[in-house]
Each structure stands twice: as C-alpha cells, then as structure tokens.
Amino acid sequence: MFVESSRKATVFDRELIREYSGNATSSSFQKTYKITKWTKEETNLFFRALSQVGTDFTIMTLLLPKRTRKELKNKFKKEEKLRPHLVSDALQNQGSH
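Residues numbered from 1 in each chain as written. Predicted model: local features only at pLDDT ≥ 70, side-chain atom pairs only at ≥ 80, totals over all residues. Heavy atoms only, no water.

Draft legend 1. Region of interest: the overall build of the protein. Along the protein, the regular secondary structure elements total 4 helices and 0 strands. The N-to-C order of helical and strand elements in the protein reads α-α-α-α. By the burial criterion, 20% of the 97 residues in the protein qualify as buried. For the protein, contacts bridging at least 24 residues in sequence account for 54% of all contacts bridging at least 6. (Helix = DSSP H or I, 4+ residues; strand = E, 2+ residues; numbered from the N terminus. Buried < 20%, exposed > 50% of the residue type's maximum accessible area, 1.4 Å probe, protein only. Contact = heavy atoms within 4.5 Å.)

See the structure below:
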C-alpha cells in the first residue's frame, strides 16, 4: 500500500546535526587508566614472570592480573634501560623455575 503525501519535505523537517569542532584526535577516544607505581613486590613478581614466560606479555598478564599488557611492556623497557643485568639474568634463566 502506498500513500502519497501532498506535503513536500523541506530542510526544516530534518534533524540538525552539529559536528564537534574541537581538536579531536584518535587518542581522544582511547580508554584512560590510572597508572599506579610499581611496588617492590610487584617488581619481584615481574622478574619472576619474566624468567618463567620470557617476553610474552600477554601470558604475563595472567601472572600479574592487576597490570595490563602495555604496563608490563613499559616496565620491561624501563628495566632494560635501568637494570639490564637483571633483565638478562631473568631471560637467561627462563624456564628454570
């Protein structure tokens, strides 16, 4: 069934959509997390996990559930610069625990 309307659609019949005119970037829509400092205990757990699973940060999140993959990778990069001897020791002893 088709009903013909005698009224023509006008611009005023449409909904006005305003676009955001600010400076939006791709990072504007990312989730934000509160970053907490690493405790000594967490750092020890990190090195233990590193010696067990290596640099597989996805698996490491199972051993350190309060930390994201990104946090673990950043911790690895930081420790690699600050204490490379501990990182290399952990990786050389991988799987021995």
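Draft legend 2. Region of interest: the environment of Phe46. If you trace the backbone, Phe46 turns up in helix H1 (residues 40–53). Since its relative accessible area comes to 0%, Phe46 is described here as buried. Note: C-alpha distance between Phe46 and Leu72 (26 residues apart in sequence) is 7.9 Å. If we skip the residues at most four places from it in the chain, Phe46 touches Trp38, Met60, Leu64, Leu72, Lys75, Phe76 and Glu79.

Draft legend 3. Examining the nonpolar core more closely. By size, the foremost hydrophobic cluster in this structure holds 11 residues: Phe46, Phe47, Ala49, Leu50, Phe57, Met60, Leu64, Leu72, Phe76, Val87 and Ala90. For this core, the elements supplying multiple residues, two or more each, are H1, helix H2 (57–63), helix H3 (69–82) and helix H4 (84–92). (Core = buried A, V, L, I, M, F, W, Y, C linked by side-chain atoms within 4.5 Å.)

Draft legend 4. Layout of a positive patch on the surface. There is a patch of like positive charges on the surface, built from Arg69, Lys73, Lys77 and Lys81. The residue Arg69 is located in helix H3 in this model. In this structure Arg69 comes out as partly exposed when scored by relative accessible area, which is 41%. (Patch = residues over 30% accessible without salt bridge, like charges linked within 9 Å, V, L, I, M, F, W, Y side chains within 5 Å. Areas by Shrake-Rupley, 256 points an atom, 1.4 Å probe, with all protein chains shown as cover. Salt bridge = Lys/Arg side-chain N within 4 Å of Asp/Glu carboxyl O. Lys, Arg positive; Asp, Glu negative; His and termini not counted. Charge placed at Lys NZ, Arg CZ, Asp CG, Glu CD.)

Draft legend 5. Expanded view of the confidence of the model for the protein. Predicted confidence across the protein gives a mean pLDDT of 85, with 77% of residues reaching 70 or more. Confidence, read as mean pLDDT per element, is least for H4 in the protein (95) and greatest for H3 (97). (pLDDT = per-residue confidence, 0-100.)

Draft legend 6. Broad picture of the side chain of Ser51. Within the secondary structure, Ser51 is located in helix H1. On the basis of relative accessible area, Ser51 is assigned to the buried category, the value being 4%.

Draft legend 7. How the structure looks around H1. The end-to-end C-alpha distance of H1 is 20 Å, a good match for the 20 Å that 14 residues give at a rise of 1.5 Å each. For H1, the full list of buried residues reads Glu42, Thr43, Phe46, Phe47, Ala49, Leu50 and Ser51. Elements that come into contact with the buried residues of H1 comprise H2, H3 and H4. Two residues or fewer after H1 comes Gly54, characterised by a positive phi angle close to 75 degrees. (Expected span 1.5 Å × (residues − 1).)

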